[in-house]
Amino acid sequence: MKERIELAGQNMLGLLDVENDFMPAGGYEIAHDLGRWWDAILRVEESVDFTIPAELEAASLKNLHWLTDNPDRLLHNRPDVDYMAPKAKLNTHNFRETLLAMGGLVRCRHSGWAAESALHLVDVIDRVVLPDGRLDLSRMGTWGQLPGPDEPIAGTVG
């Protein structure tokens, strides 16, 4: 089993595209995939004697900072980067991916930055989730800065 988990870890390292700033390639959305990548690679590291190469960890951490450098600390593709722009949008699904990545960095790296970012995003989520379960995205700091739903009220959670 250990060999298979290590192979999975090597595969995850192979997803990082050297030509595009070591961002994960070939998935759903770069920002979403980066959050999932951090969660998964740290779980691999915890479960077997697996080491993320320092260069790839540093690049991926830099990318996480870069894709959460917004008023909400929410992972999203950057509209100012050509290879990300087609899928740059306000994606509330990335609440989960952002918190998974930050939680892993708190758990495995004792990252104060990740803890602060996660707490900030939780405050944003608390602000946008209305008592009836609907989301009022106009309460987000990134509202209007990215393409997204035309209406600030966007469905329900749960």
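Everything below is about the structure printed above this text.
In short, a report on the structure.

The rules behind these values
- Residues numbered from 1 in each chain as written.
- Predicted model: local features only at pLDDT ≥ 70, side-chain atom pairs only at ≥ 80, totals over all residues.
- Heavy atoms only, no water.
- Phe/Tyr/Trp six-rings, centres within 6.5 Å; stacked < 30°, edge-to-face > 60°.
- Buried < 20%, exposed > 50% of the residue type's maximum accessible area, 1.4 Å probe, protein only.
- Lys NZ or Arg CZ within 6 Å of the ring centre and 35° of its normal.
- Helix = DSSP H or I, 4+ residues; strand = E, 2+ residues; numbered from the N terminus.
- Polar contact = N/O pair within 3.5 Å; in protein donor to acceptor, adjacent residues only side chain to side chain.
- Contact = heavy atoms within 4.5 Å.
- Axes fitted to C-alpha atoms, helices over the stretch in contact; angles between N-to-C directions.
- Parallel < 35°, antiparallel > 145°, perpendicular 65-115°, else oblique.
- Left-handed = near helix turned anticlockwise from the far one by under 90°.

### As for the packing of aromatic side chains
In this structure the tally under the stated criterion is one aromatic pair. Relative to tryptophan 38, the ring of tryptophan 37 has its centre 5.2 Å away and its plane inclined at 85°; by these criteria the two rings are edge-to-face. Here the two residues tryptophan 37 and tryptophan 38 agree in accessibility, since each one is buried. A cation over an aromatic ring shows up here: lysine 87 above the ring of tyrosine 28, its NZ or CZ 5.7 Å from the ring centre.

### Focus on the side chain of arginine 78
Topologically, arginine 78 is positioned in the loop between α3 (54-67) and α4 (94-109). Within the structure, arginine 78 has its side chain in polar contact with the backbone oxygen of tryptophan 66 (distance 3.1 Å). Aside from chain neighbours lying at most four places away, what touches arginine 78 is Trp66, Leu67, Asp69, Met84, Ala85 and Ala88.

### Focus on unusual backbone geometry
A positive phi angle, near 60°, is found at aspartate 21, a position not held by glycine. Looking at the element boundaries, aspartate 21 is found in the loop between β1 (16-17) and β2 (23-24).

### Focus on the packing of helix α2 (residues 30-47) against α4
The geometry of α2 relative to α4 is characterised by a closest axis approach of 8 Å and an angle of 30° between their N-to-C directions. Relative to α4, α2 is oriented roughly parallel. Once α2 is placed against α4, the crossing between them reads as left-handed. Facing α2, whose interface residues are Ala31, His32, Gly35, Arg36, Trp38, Asp39, Leu42, Arg43, Glu45 and Glu46, α4 presents Asn94, Arg96, Glu97, Leu100, Ala101, Gly104, Leu105, Arg107, Cys108 and Arg109.

So yeah, pure geometry; function would need other evidence.
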